[in-house]
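Read off the chains here:
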Amino acid sequence: MGPFAAARAVVGEKFPAARAAFLGGSAATERRTPTSDLDVVVLLPGPPAPYRESLLHGRWPVELFVHTEESWQTFVEREIGKRRSPLLWMCAEGVLLLDRDGVGEKIATEAQRLVTAGVPEVTMEELEDRRYAITDLLDDLAACDNAGERLFIVTELARRTAELVLAVNGAWLGGGKWLARHADATEPGFSAKLSEAVRDALAGREKGLVGVVDAVLDRCGGRLWAGYRRGGVA
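Everything numeric here is computed off the predicted structure, so don't read it as measured data.

Conventions adopted
- Residues numbered from 1 in each chain as written.
- Predicted model: local features only at pLDDT ≥ 70, side-chain atom pairs only at ≥ 80, totals over all residues.
- Heavy atoms only, no water.
- Phe/Tyr/Trp six-rings, centres within 6.5 Å; stacked < 30°, edge-to-face > 60°.
- Helix = DSSP H or I, 4+ residues; strand = E, 2+ residues; numbered from the N terminus.
- Buried < 20%, exposed > 50% of the residue type's maximum accessible area, 1.4 Å probe, protein only.
- Lys NZ or Arg CZ within 6 Å of the ring centre and 35° of its normal.
- Pairing = 2+ DSSP bridges.
- Axes fitted to C-alpha atoms, helices over the stretch in contact; angles between N-to-C directions.
- Contact = heavy atoms within 4.5 Å.
- Expected span 1.5 Å × (residues − 1).
- Polar contact = N/O pair within 3.5 Å; in protein donor to acceptor, adjacent residues only side chain to side chain.
- Patch = residues over 30% accessible without salt bridge, like charges linked within 9 Å, V, L, I, M, F, W, Y side chains within 5 Å.
- Areas by Shrake-Rupley, 256 points an atom, 1.4 Å probe, with all protein chains shown as cover.
- Salt bridge = Lys/Arg side-chain N within 4 Å of Asp/Glu carboxyl O.
- Lys, Arg positive; Asp, Glu negative; His and termini not counted.
- Charge placed at Lys NZ, Arg CZ, Asp CG, Glu CD.

**Re the packing of aromatic side chains**
Okay, step 1: All chains considered together, the criterion is met by two aromatic pairs.
Okay, step 2: Centre to centre, the rings of Trp-89 and Trp-172 are 6.0 Å apart; their planes meet at 90 degrees, and the pair counts as edge-to-face. Taken together, the positions of Trp-89 in helix α3 (residues 86-93) and Trp-172 in the loop between α6 (147-168) and α7 (177-186) put the pair 83 residues apart, joining distant regions of the chain.
Okay, step 3: For Trp-172, a relative accessible area of 9% gives the class buried.
Okay, step 4: Aromatic pair Tyr-132 and Tyr-228: ring centres 4.1 Å apart, planes at 10 degrees, arrangement stacked. Of the two residues, Tyr-132 sits in helix α5 (residues 124-142) while Tyr-228 sits in the segment after α9 (207-217), which places them 96 residues apart along the sequence.
Okay, step 5: Here Tyr-228 falls in the partly exposed class, since its relative accessible area comes to 24%.
Okay, step 6: Above the ring of Trp-60, the side-chain terminus of Arg-59 is found at 4.2 Å from the ring centroid.

**Looking at the sheet that holds strand β4 (residues 60-67)**
Okay, step 1: Taken in spatial order, the five strands line up as β3-β4-β2-β1-β5 in an open sheet, and their pairing is mixed. Unpaired on one side and paired on the other, β3 (51-57) and β5 (95-99) mark the two borders of the sheet. Neighbouring strand axes in the sheet, compared pairwise and without regard to direction, differ in orientation by 20 degrees on average.
Okay, step 2: By the bridge criterion, five bridges tie strand β1 (residues 20-24) to strand β2 (residues 38-43) in an arrangement that is antiparallel. Bridge pairing links Gly-24 to Asp-39 in β2.
Okay, step 3: Running over the sheet, helix α2 (residues 69-81) touches β2 and β4 and is turned about 100 degrees from β4.

**Remarks on the environment of Phe-65**
Okay, step 1: For Phe-65, the position within the fold is in strand β4.
Okay, step 2: Here the alpha-carbon distance between Phe-65 and Gly-2, two residues 63 residues apart in the chain, equals 20 Å.
Okay, step 3: Aside from chain neighbours lying at most four places away, what touches Phe-65 is Asp-39, Val-40, Val-41, Val-42, Tyr-51, Arg-52, Leu-87 and Met-90.

**Section: helix α4 (residues 103-117)**
Okay, step 1: Its 15 residues place the ends of α4 21 Å apart at the C-alpha level, agreeing with the 21 Å of an ideal helix rising 1.5 Å per residue.
Okay, step 2: As for α4, its buried residues are in contact with β1, α2, α3 and β5.

**Notes on the side chain of Glu-63**
Okay, step 1: Take Glu-63: it is sitting in strand β4.
Okay, step 2: At 2.9 Å, the side chain of Glu-63 and the side chain of Ser-54 are in polar contact.
Okay, step 3: In contact with Glu-63, not counting residues within four places along its chain, are Asp-37, Leu-38, Asp-39, Val-40, Arg-52, Glu-53 and Ser-54.

**Describing a negative patch on the surface**
Okay, step 1: Taken together, the side chains of Asp-136, Asp-139, Asp-140, Asp-145 and Glu-149 make up a negatively charged region of the molecular surface.
Okay, step 2: Sorting elements by how many residues they give to the negative patch places α5 first, with three residues.
Okay, step 3: Mapped onto the fold, Asp-139 is located in helix α5.
Okay, step 4: Given a relative accessible area of 38%, Asp-139 falls into the partly exposed group.

Dropping the structure here:
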């Protein structure tokens, strides 16, 4: 059973009262792989929504994101504030599987409008927080002589640097493979360049990674450590 038929079957079996449903994520595109799961957004008239559930349907792993129309709006607003909204993208770019009363088309249109409107502007405070965290990691890397510690320093440095690229470009954040995809959509080839630098750094040749990271930092003020201050935290 293909992804669309499987997703419709799940919705039909588990949610006979569903108002609408979407199939999003990689499974709805040509980028799906043998291990892709079905990301299914379901709109219900009321309880037990909202909730999230993982299950198996035949050979398909399924991630269910179950909402009411109202909870969908609440969750999306919260996620947009963090400039990372998987729920928004699943409905903006996903396939509408079911639409009993027009709410599916309404949600799809709203999701596409919000995606087009773009992300909230990154604050100077957030940029400073990101610069400080990356600077601290660079200092740790410079003094690191332990392979295990180096692994975690380098991978954390790569993740935070990719997120900073997205932040300074006013782009949507993402996690895992979506971080790489969003970074490459913003700056084509960036994840490959970063990946090569990471491989070298793990082998003890960190100069290339430091250069990639500093080039990104320089676009928003450079390294930051001395003088950094935040109130209300210890």
